[in-house]
Amino acid sequence: MARKNKKIIMAFIGIIMTAVSVGIFRYADFGVDPYCVLLTGLARMFHTSFTVTANVMCALLLVFAWRMKISLVGVSTLLNLLIYGVVADGVFAALKSVSETPALGVRIICLAGALFLLAFSGAMYYTADLGVSTYDAIALIMADRKIGKFKYCRIAIDLTCLIAGILTGGEIGIATVIIALTVGPLIQYFRTNLAEPFLEGRKIPAFLS
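Model, not experiment: these values are computed from the prediction.

A short note on the overall build of the protein
- Assigned secondary structure in the protein consists of eight helices and zero strands.
- Listing every helix and strand of the protein by position from the N terminus yields α-α-α-α-α-α-α-α.
- For the protein, the C-alpha atoms occupy an extent of roughly 45 × 40 × 30 Å along the three principal directions.
- A total of 209 residues make up the protein; the buried ones form 51% of that total.
- Of all intrachain contacts in the protein linking residues separated by at least 6 positions in sequence, the fraction that spans at least 24 positions is 74%.
- Just so you have it, the protein exposes about 10100 Å², and 70% of that area is on carbon and sulfur atoms.

In C-alpha cells:
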C-alpha cells in the first residue's frame, strides 16, 4: 500500500475513533476526558449543546495552532472541527437508545474500550501527519519547543483542562483522572509500536499484530 494512502486511512480512522471514544466515555458515566470536562462545563455555563461548544473551542484553538505551528494544521484538523462533536453526540445517543442505564460491568468494559480507542486514535492521526485536532496540537507544540517530552506535555495540558473544567462545572469522575495520567504515555506507546511501523512498512511487534 502506498505511503500516501496509508496516511489518509490512518488520519480518517484516528478522527472517527477519537469522537467515538468520547461518546463511549460519556455513556460509561465514569467521567470523560479532561478536554471534554471543559467542554461540558462551558456548554452548561453558556446553556448550549456539546457539539456547538466543541466547534467553537476547535475554531479558537485552530487560530492558535495556525499561528504557532502551521504544519500541524491540515485536512485532519478541519475534518475534526466538522465532525468531532456530531459523531460524539451521535454515538452517545445511539448507546443510550440501546440501554438507558447500563450495568456496572458494561460500563467498565466501555471505559476500558474507550481508553484504548482514545490512545490508539491519537497515535494514528498524529503519525499520519495530515494535521491533528486543535486540542492535541497544544502538547505537540510544547514538545516541539523543547518544553518537555510529549507525554509530560500532554499530562500537563490535560490537568490544566481538568482544573478549568471543574471550575466551570464540567462532568468529572474517576475516569477523568485515569485519562489525564495515562493517555499521553499510551499514545506514545502506540505511535512507537504500531502506527509508525505500519506507516514505514516495518514489522509490527507480535503482541500488537
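What follows continues from the structure just given.
So, the confidence of the model for the protein
- In this model, the protein carries a mean pLDDT of 83, and residues with pLDDT of at least 70 account for 94%.
- Ranking the elements of the protein by mean pLDDT puts helix H6 (residues 134-144) last with 78 and helix H5 (residues 104-128) first with 90.

The rules we used
- Residues numbered from 1 in each chain as written.
- Predicted model: local features only at pLDDT ≥ 70, side-chain atom pairs only at ≥ 80, totals over all residues.
- Heavy atoms only, no water.
- Helix = DSSP H or I, 4+ residues; strand = E, 2+ residues; numbered from the N terminus.
- Buried < 20%, exposed > 50% of the residue type's maximum accessible area, 1.4 Å probe, protein only.
- Contact = heavy atoms within 4.5 Å.
- Areas by Shrake-Rupley, 256 points an atom, 1.4 Å probe, with all protein chains shown as cover.
- pLDDT = per-residue confidence, 0-100.

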